[in-house]
Amino acid sequence: MIEADYLVVGAGAMGMGFTDALVEHDPDARVVMVDRRDGPGGHWRAAYPFVRLHQASQFYGVQSTVLGGRVQESGPEAGLHERADRATILAYYDDVLAALRATGRVELLTGHEVEGRTVVERETGRRFGLPQHCRVVDARYLAPEVPSEVPPRFAVDGARVVPVGDLPGVDDDPSRYVVVGSGKTATDAIVWLTDTEVGRGIDPGRITWVRPRDPWMLDRAVIQPDPVVYLGMVADMMRVASGADDLDRLFLDLEDAGIMMRLDPAVTPTMAKAPTLGRWELERLRQVEDVVRLGHVVSAGRGRLELRDGSVATAPDALVVNCAADGLRNRRLVPIWGEEAITLQPIRAGFPCFAAGLAGYVEATRDDDATKNRLCPPSSFGNSLTDWAAMQVRGFRASASFNAEPDIKAWADRVAINPSRVPPGHPGSPELDAALEQVATHVGPGLERLARLSGETAS
């Protein structure tokens, strides 16, 4: 038997965030975390070596310990908050785990899987049960796929195919690089390939980019841990949304407002997972002119790609870089507090680390599951334009619910992982007052229009 009050399945960002908040605010809670990998950090332990957070470090991590906080003084992102790399994030989670273990109430079992209410040691097959009172917390429900851990989604018929994480270890220099994928992983791969300082430094003309869908992305400069900047962006977004006739027009207007960006001004994107991107990265990506828009790859052969809507020739020695994996999963929404498990999901729009911490705090401070679910209804990630609009409606609706509780709002205002907070002790400014006034003016009409465009209910 495993003696614990909570079994947290997954020691990635969501599992660590929930556990950190729960243990801090419930002095009696005993937690056993289980992960199939060899340490904390979840998918970061299998991520590609040159990966960085796409957003400011402060928005990531656990509620008790701020990740980062420095403003960059040089480089293409001077003036923006730093973004942690893989090594920094793994070291951060090692430190968080050490602090949790120091409470004497948290343990991490690595190399273990969970089957229902049974914990299985992968190497030996030993099985452990749970006491009846122990709650299972599913922190892997939306765990991202990593290209290095899943096979390509297409057949390989003679082509040389590597997951994106293997790029730094490629010894030769093929005449052509074929990057497969439309999301952040693909953009990271291309930025690294063309970087002359830390990457391969190749000419963008040697890259073929298989982009089944064009993405909308957020300008990183307006997603910053500064309430004037962030709340000003929210006000502008809701103002634009309130007058939108359809979703395509909405995103084009958000582009004009300096919030959204697209890779090709001649193509209207259909994907809205909306990671953040720097303007300097956008300029670099636009230098890749050989873009294939023939749907998903069906098979990769020597010198040829077969796609859903056609085929293209490529160099016989081309290196196919697989960046296609489900990084932001959109599974069926379920109540976070269910009969079988606590299933961690986003609550406000985006920012899963905040959702995990919020769920941990609410679990520690509330007794009734129905109340917890009322305060923290689940949201989802964006994918299509409709998904993105629905995510905003659900997220704002949830924010209104949990912020109505004075203690939850006080907690949320204290933690750096909450992007919309005004920190205690903030000196205030006319600019902040104006941003708050604009948010109050435009949120209602903006949500009403987004609800109509997405088919969601606004309240």
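These figures come from a predicted structure and were not determined experimentally.

A. Here's a closer look at the sheet that holds strand 5 (residues 106-110). Pairing is parallel across the open sheet formed by five strands, whose spatial order is 5-2-1-9-22. Whereas interior strands pair on both sides, the edge strands pair on one side only; in this sheet they are strand 5 and strand 22 (342-343). Docked against the sheet, helix 1 (residues 13-25) engages strand 1 (6-9), strand 2 (31-35), strand 5, strand 9 (135-138) and strand 22, running at close to 175° with respect to strand 2.

B. Spatial organisation of the pairing of strand 2. By the criterion of burial, strand 2 is predominantly enclosed, with five of the five residues buried. Alternating residues of strand 2 divide into V31, M33 and D35 and V32 and V34, and every residue in both groups is buried. The pairing of strand 1 with strand 2 spans four bridges and is classified as parallel. Pairing of V8 across the sheet is with M33, part of strand 2. Read as a crossover between parallel neighbours, the route from strand 1 over helix 1 to strand 2 is right-handed. The pairing of strand 2 with strand 5 spans five bridges and is classified as parallel. Bridge pairing in strand 5 links D35 to T110.

C. Representation of the pairing of strand 20 (residues 310-313). Where strand 19 (residues 304-307) and strand 20 come together, four bridges link them in antiparallel fashion. Looking at strand 20, one finds that L307 is bridged to G310. Between strand 19 and strand 20, which pair antiparallel in sequence order, lie two residues.

D. How the structure looks around the sheet that holds strand 21 (residues 319-322). Taken in spatial order, the five strands make up an open sheet running 11-21-12-13-17, and their pairing is parallel. Each of the sheet's edge strands pairs with one partner strand only, and the pair in question is strand 11 (160-163) and strand 17 (290-292). Along the sheet, successive strands turn relative to each other by an average axial angle of 25°, direction set aside. On the sheet, helix 3 (residues 184-194) packs against strand 12 (177-180) and strand 13 (207-210) and is oriented at approximately 175° with respect to strand 13.

E. Quick look at the packing of helix 4 (residues 227-242) against helix 9 (residues 385-403). The geometry of helix 4 relative to helix 9 is characterised by a closest axis approach of 13 Å and an angle of 120° between their N-to-C directions. Our classification of the angle between helix 4 and helix 9 gives oblique. Crossing of helix 4 against helix 9: the hand is left-handed. Two secondary-structure elements touch here, helix 4 through V234, M237 and M238 and helix 9 through W388, Q392 and F396. Partitioned by chemical class, the residues of the contact of helix 4 with helix 9 number five nonpolar, one polar and no charged.

Rules of the game
Residues numbered from 1 in each chain as written. Predicted model: local features only at pLDDT ≥ 70, side-chain atom pairs only at ≥ 80, totals over all residues. Heavy atoms only, no water. Pairing = 2+ DSSP bridges. Helix = DSSP H or I, 4+ residues; strand = E, 2+ residues; numbered from the N terminus. Contact = heavy atoms within 4.5 Å. Axes fitted to C-alpha atoms, helices over the stretch in contact; angles between N-to-C directions. Buried < 20%, exposed > 50% of the residue type's maximum accessible area, 1.4 Å probe, protein only. Right-handed = clockwise from strand over helix to strand, strands pointing away. Parallel < 35°, antiparallel > 145°, perpendicular 65-115°, else oblique. Left-handed = near helix turned anticlockwise from the far one by under 90°. Nonpolar A, V, L, I, M, F, W, Y, C, P; charged D, E, K, R; others polar.

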